[in-house]
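Take a look at the letters that make up each chain.
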Amino acid sequence: MVTVLWVIADKIDRMKLKENPDNSVWLKIPSAKLRGTEGRDDNVWLRKCLDRLSEIRIGGEYRGDPWGAVMVSEWHIKEGGTVAEILVPPAAVQTLRAPDQFA
């Protein structure tokens, strides 16, 4: 699951999004990259990881106001299992871009 998070964070970093995004971001990532070199090519483990990420809740306080979100809002594996499309909400984008919080 750590590989999936690092690949998602890398993709977000490469997009050079603004500091506090207003909208969720759809990411289109080759599933082989998300699975890593040791991953099963039938995406069984990838699906479990994406399910778990959609259940992970993050939250905190920003300028005195509480907030909450999930890491992944929605995901699809398409094109015969070769591509994953992942919807990441703005708060998760911000969390993944903040190295002091994410690391």
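Everything numeric in this text was worked out from a predicted model, so none of it was measured.

**Notes on the pairing of strand E4 (residues 74–78)**
Looking down a regular strand, the side chains alternate between one sheet face and the other.
Argument step 1. Bridge count for E4 against strand E5 (residues 83–88) is five bridges, and the pairing is antiparallel. Looking at the pairing, Ile77 lines up with Ala84 of E5.
Argument step 2. The antiparallel pairing of E4 with E5 creates a hairpin that spans four residues between the two strands, and Glu79 there sits at a positive phi of about 55°.

**Focus on helix H1 (residues 2–15)**
Argument step 1. When the terminal C-alpha atoms of H1 are compared, their 20 Å separation across 14 residues agrees well with the 20 Å that a helix rising 1.5 Å per residue should span.
Argument step 2. Residues of H1 that are buried: Val4, Leu5, Val7, Ile8, Ala9 and Ile12.
Argument step 3. Remark: Lys16 follows H1 within two positions and exhibits a positive phi of approximately 55°.

**With respect to the confidence of the model for the protein**
Argument step 1. Taken as a whole, the protein shows an average pLDDT of 88; of its residues, 93% reach a score of 70 or greater.
Argument step 2. Considering each helix and strand of the protein separately, the mean pLDDT is smallest for helix H5 (residues 99–102), with a value of 55, and largest for E5, with 97.

**Observations concerning the pairing of strand E3 (residues 65–70)**
Argument step 1. Where strand E2 (residues 57–62) and E3 come together, six bridges link them in antiparallel fashion. Bridge pairing links Arg57 to Val70 in E3.
Argument step 2. Hairpin remark: E2 followed by E3, antiparallel, with two residues in the connecting loop; positive phi at Arg63, about 55°.

**Comments concerning the sheet that holds E4**
Argument step 1. A sheet is described by the order of its strands in space; here three strands give the open sequence E1-E5-E4, paired in antiparallel fashion. A single partner strand is all that each edge strand has here, and the edge strands are strand E1 (25–30) and E4. If you compare each strand with its neighbour and ignore which way they point, the axes differ by 15° on average.
Argument step 2. Pairing geometry for E1 and E5, over six bridges, is antiparallel. Pairing of Ile29 across the sheet is with Ala84, part of E5.
Argument step 3. The strands that H1 touches are E1 and E5; relative to E1, the one it contacts most, it runs at about 120°.

**Points about the pattern of salt bridges**
Argument step 1. Inspection of every chain in the model, using the stated rule, returns three salt bridges.
Argument step 2. Taking the shortest distance from any N to any O, the salt bridge between Arg14 and Asp10 comes out at 2.9 Å. You can see Arg14 and its partner Asp10 sitting in helix H1, four residues apart, about one turn around the helix.
Argument step 3. Exposure remark for Arg14: the relative accessible area of 62% places this residue in the exposed category.

The rules we used
Residues numbered from 1 in each chain as written. Predicted model: local features only at pLDDT ≥ 70, side-chain atom pairs only at ≥ 80, totals over all residues. Heavy atoms only, no water. Pairing = 2+ DSSP bridges. Helix = DSSP H or I, 4+ residues; strand = E, 2+ residues; numbered from the N terminus. Expected span 1.5 Å × (residues − 1). Buried < 20%, exposed > 50% of the residue type's maximum accessible area, 1.4 Å probe, protein only. pLDDT = per-residue confidence, 0-100. Axes fitted to C-alpha atoms, helices over the stretch in contact; angles between N-to-C directions. Contact = heavy atoms within 4.5 Å. Salt bridge = Lys/Arg side-chain N within 4 Å of Asp/Glu carboxyl O.

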